[in-house]
Amino acid sequence: MAFVQATRINRLGTETAFAVAARAQAFTASGGDVFPFHLGDMNLPTPDHIARAALKAIEDGKTGYCPSAGIPQLREALAEEINQSHGTRYTMENVALQPGGKPVITKFLQSVMNEGDEVLYPNPGYPIYESQIEYFGGVAVPYTFLPEDGGGLRLDMAQLEASVTPKTRAIIVNDLHNPTGIEHSLEELEKLARLAVKHNLFVLADEAYFDIRYQGKSRSLASLPDMAERTVILYTFSKRFAMTGWRLGAAIGPKSIIDVISKLNVNNESCSCHFVQYAALAGLRENPAASREILETLRRRRDLAVEMLNAVPGIFCPRPEATFYLFPEVSECMRRKGFDSYKDFAEDVLVKTGVSVCTREHFGRVLAGEEKKYIRLAYSGIDIDRIEQGLTALIAYGK
Ligand SMILES: Cc1ncc(COP(=O)(O)O)c(C=O)c1O
């Protein structure tokens, strides 16, 4: 029987960065030596005490279903943790565990967005926003960033404000941002909060990188006045505890929305993995030094990568204080090498240096009027000696 996919699937996007991984794999298979800066994954082990807690939970028989919103101990521990870091007043009723941070995007949209509603999302940004808004029948309205001297970017607040219409229902904010690594200033967060209140918008605060910070203190939109009642926080154990493959995250927000999200849990996965929740509990409660070690490793990688990228002629790379991404401006380098197309440039860099990167094109549709060109390098999945080798080759390529 011929398969004709359901029409809604035509609206479903994907993470096109997976094509970069496939290309890198093919290059390796043909004998090439790849420096995997395209990976958003981590090559650091999950701390021992977390792994041991999972094994113990399995031995203790935590292998059946558990409540759909998660085990109460973890919901409570997470509420306490967030209250400390965010200055909020959540209880376990405000927390629904999820199989990763990613499902929070889907379930937030399913909970608050009707068909035809407009949702503002960052572009460049995590590509799943665009995909899921459109899949569930919404209209994805991009907001963007303005170039700054030195290769940096900042929120284009005027464009964002001008994009609000009577149909705007929600805004997605990814502060500590993938792919750019930028953070919003307090002033920008306050403007975003005022905008959300003025237009009565729901807010998804994607805080996947809240704890991946090398200096200073992360701030949350949810802690600003009148925001907790309209904001769902995307929390994840993936990055802070190097647990990307364990699949555990949480939606944290007003009880009314969290109840709907828990009902979606019942309909989707029933519950998140039971014994993994005990591992996450150990992550929150024991041995904070383990997360600090992860951060230190990432910091060393960042410092070297930024320094070396800025030594490539025509590449300008700011030094973000958070996330594990770099988003250097490469317009001049591309021009010197005779490329206008991102795809051709990335392919040339791969073939000639082995350095595998994502480009701006992997983070949402390229918008009209964009003049400067950017690539994204992740340093979470590549050891420091390989960063050095790969970027040495890139410096030679740029000359
Ligand atoms: C901005 C952002 N949000 C959410 C996620 C989802 O992370 P996970 O599902 O691994 O928790 C990611 C993962 O890379 C991300 O970059």
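What you are looking at is a predicted structure, and each value in this text was computed from that prediction instead of being measured.

With respect to the site of the ligand
Next up, step 1: Taken together, 14 residues surround the ligand, and among them Gly101, Asp206, Tyr209, Thr236 and Arg247 come closest.
Next up, step 2: Taking Asn178, its side chain carries an N or O atom lying 2.8 Å from an oxygen atom of the ligand.
Next up, step 3: In the model, an oxygen atom of the ligand is placed 2.7 Å from a nitrogen or oxygen of the Arg247 side chain.
Next up, step 4: Partitioning the shell around the ligand into residue classes produces four nonpolar, six polar and four charged.

Thoughts on the packing of aromatic side chains
Next up, step 1: Going through the model one piece at a time under the given rule, you end up with nine aromatic pairs.
Next up, step 2: Aromatic pair Phe237 and Phe241: ring centres 6.0 Å apart, planes at 25°, arrangement stacked. Just as Phe237 is buried, Phe241 falls in that class too.
Next up, step 3: Between Phe324 and Tyr325, the ring centres sit 5.0 Å apart and the planes meet at 65°, which makes this aromatic pair edge-to-face.

Describing the pattern of salt bridges
Next up, step 1: Counted according to the given criterion, the structure contains 25 salt bridges.
Next up, step 2: Among the salt bridges present, the one from Arg301 reaches Asp383, with a minimum N-O distance of 3.2 Å. Here Arg301, found in helix α10 (residues 289–309), pairs with Asp383, found in the loop between β14 (375–378) and α13 (384–398); they are 82 residues apart in sequence, far enough to count as distant.
Next up, step 3: Residues joined by salt bridges that share partners form a network here, namely Arg302, Asp303, Arg319 and Glu321.

Observations regarding the nonpolar core
Next up, step 1: Counting residues in each nonpolar core, the largest one holds 67 residues, and the members touching the most others are Phe37, Leu298, Phe324 and Leu391.
Next up, step 2: Take this core: its biggest share by element is eight residues, from α10.
Next up, step 3: The contacts of Leu391, once residues within four sequence positions are left out, are Phe37, Ala305, Met308, Leu309 and Leu377.

Thoughts on the packing of helix α12 (residues 342–353) against α13
Next up, step 1: Contact geometry for α12 and α13: axes closest at 10 Å, N-to-C directions at 115°. Judged by the angle between their axes, α12 and α13 are roughly perpendicular. Considering only the axes of α12 and α13, their crossing is right-handed. Each of Phe345, Asp348, Val349, Lys352 and Thr353 in α12 lies in contact with α13, whose residues at this interface are Ala393, Leu394 and Tyr397.
Next up, step 2: In terms of residue class, the contact of α12 with α13 is built from five nonpolar, one polar and two charged.

The rules behind these values
- Residues numbered from 1 in each chain as written.
- Predicted model: local features only at pLDDT ≥ 70, side-chain atom pairs only at ≥ 80, totals over all residues.
- Heavy atoms only, no water.
- Near = heavy atom within 4 Å.
- Polar contact = N/O pair within 3.5 Å; in protein donor to acceptor, adjacent residues only side chain to side chain.
- Nonpolar A, V, L, I, M, F, W, Y, C, P; charged D, E, K, R; others polar.
- Phe/Tyr/Trp six-rings, centres within 6.5 Å; stacked < 30°, edge-to-face > 60°.
- Buried < 20%, exposed > 50% of the residue type's maximum accessible area, 1.4 Å probe, protein only.
- Salt bridge = Lys/Arg side-chain N within 4 Å of Asp/Glu carboxyl O.
- Helix = DSSP H or I, 4+ residues; strand = E, 2+ residues; numbered from the N terminus.
- Core = buried A, V, L, I, M, F, W, Y, C linked by side-chain atoms within 4.5 Å.
- Contact = heavy atoms within 4.5 Å.
- Axes fitted to C-alpha atoms, helices over the stretch in contact; angles between N-to-C directions.
- Parallel < 35°, antiparallel > 145°, perpendicular 65-115°, else oblique.
- Left-handed = near helix turned anticlockwise from the far one by under 90°.

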